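# Coordinate analysis (summary)
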Amino acid sequence: MPGQRPVAPDLSDGPVNRLDAAQIRDRLTNMAQLEHAATLLGFRLLDFSIDEGWLEAEFNPSPQVSNLRGGVQGGMMCAMLDEVMSLAVLVHQRFTVGVPTLEMKTSFLAPLPLATCRARGQALRVGRNVAFMEGTIWTGDGVVAAKGTATCQVRRPRALRDKL
């Protein structure tokens with residue numbers, strides 16, 4: 001569905017509305033219909049908490065993200081972690097901010113087979129300009145495949161920045 005991609009709030013020209021839980025669920029459930037990296041990774045929302053700032057998702061990665069050993073390539077695992085960590089901040093802020101990642105550290109603990117896996121992102125602290133996040137990916141068998149931490153910039157729409 002080209003042209004229907006939601007615009008990051010900090011890049012929007014219009015007013016930004018805080019999304020409620022139903023609107024967030026709808027946006028993240030329909031994300032697979034967009035031309036988005038999450039589609040290549042096979043993203044599917046499992047659950048989230050606005051107040052606690054976490055999001056869980058399932059990934060069913062396509063063969064295009066595999067490495068020479070037949071598992072998920074490490075950079076693609078980073079993309080999965082980045083997706084759930086960033087979305088955790090977006091959910092916590094009710095999609096009223098943009099959250100470009102500034103830095104990310106990933107520890108690869110076990111191979112991730114090219115099969116359905118689960119990931120969780122957590123917004124640890126969201127400040128005025130920066131947020132700290134962590135994430136974990138589990139194999140379908142429940143083995144921790146990777147853990148990551150990241151920092152993102154919290155970019156508020158101009159109308160909100162002027163009020164701060």
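Before reading on, note that the structure itself is shown above.
Quick caveat: nothing in here was measured; it's all calculated off a predicted structure.

## Overview of helix H3 (residues 74-92)
In an α-helix there are 3.6 residues to a turn, and that puts residues three or four apart on one side. With 19 residues, H3 ought to run about 27 Å at 1.5 Å a step, and its terminal C-alpha atoms sit 27 Å apart, in line with that. All of the buried residues along H3 are Met 77, Met 80, Leu 81, Glu 83, Val 84, Met 85, Ser 86, Leu 87, Ala 88, Val 89, Leu 90 and Val 91. The N-cap residue of H3 is Gln 73: its side-chain oxygen and the backbone nitrogen of Gly 75 are 2.7 Å apart. Arg 94, located one to two residues past H3, shows a positive phi value of around 55 degrees.

## Things to note about the environment of Ile 137
Inspection of the secondary structure puts Ile 137 in strand S5 (residues 130-138). Of the residues examined, Ile 137 reaches a relative accessible area of 0% and is grouped as buried. The spatial distance from the C-alpha of Ile 137 to the C-alpha of Gly 148 is 8.8 Å, given a sequence separation of 11 residues. Excluding residues within four positions of it along the chain, Ile 137 makes contact with Met 77, Met 80, Leu 81, Leu 112, Cys 117, Arg 118, Ala 119, Val 143, Val 144, Ala 145 and Ala 146.

## Details of the sheet that holds strand S6 (residues 144-153)
Within the open sheet, the 6 strands sit side by side as S1-S2-S4-S5-S6-S3. Their pairing is antiparallel. Each edge of the sheet is formed by a strand with only one pairing partner; in this case those strands are strand S1 (43-49) and strand S3 (101-108). Neighbouring strand axes in the sheet, compared pairwise and without regard to direction, differ in orientation by 20 degrees on average. The strands touched by helix H1 (residues 21-29) within the sheet are S1 and strand S2 (54-59), with S1 carrying the most contacts at an inclination of about 160 degrees.

## So, unusual backbone geometry
In this structure, Arg 94 takes a positive phi of about 55 degrees despite not being glycine. Locating Arg 94 in the fold gives a position in the loop between H3 and S3. Residue Phe 95 is not a glycine yet carries a positive backbone phi of 60 degrees. One can find Phe 95 in the loop between H3 and S3. Classification of Phe 95 by relative accessible area gives buried; the value is 8%.

## Some remarks on the side chain of Thr 136
With respect to the helices and strands, Thr 136 occurs in strand S5. For Thr 136, a relative accessible area of 10% puts it in the buried group. A distance of 3.0 Å separates the side chain of Thr 136 from the side chain of Lys 147, its partner in a polar contact. Sequence-distant contacts of Thr 136, that is, excluding residues within four places in its chain, are made with Leu 81, Arg 118, Ala 119, Arg 120, Val 144, Ala 146 and Lys 147.

## Points about the nonpolar core
By size, the foremost hydrophobic cluster in this structure holds 40 residues, and its most contacted members are Leu 28, Phe 43, Leu 55, Phe 59 and Ile 137. Contributing elements (two or more residues each) for this core: H1, helix H2 (37-41), S1, S2, H3, strand S4 (117-126), S5 and S6. It is H3 that provides the largest number of residues to this core, a total of 10 residues. Every residue in contact with Phe 59, bar those within four places of it in the chain, is listed here: Leu 41, Gly 42, Phe 43, Met 80, Glu 83, Val 84, Ala 115, Thr 116, Cys 117 and Ala 119.

About the thresholds
- Residues numbered from 1 in each chain as written.
- Predicted model: local features only at pLDDT ≥ 70, side-chain atom pairs only at ≥ 80, totals over all residues.
- Heavy atoms only, no water.
- Helix = DSSP H or I, 4+ residues; strand = E, 2+ residues; numbered from the N terminus.
- Expected span 1.5 Å × (residues − 1).
- Buried < 20%, exposed > 50% of the residue type's maximum accessible area, 1.4 Å probe, protein only.
- Polar contact = N/O pair within 3.5 Å; in protein donor to acceptor, adjacent residues only side chain to side chain.
- Contact = heavy atoms within 4.5 Å.
- Pairing = 2+ DSSP bridges.
- Axes fitted to C-alpha atoms, helices over the stretch in contact; angles between N-to-C directions.
- Core = buried A, V, L, I, M, F, W, Y, C linked by side-chain atoms within 4.5 Å.

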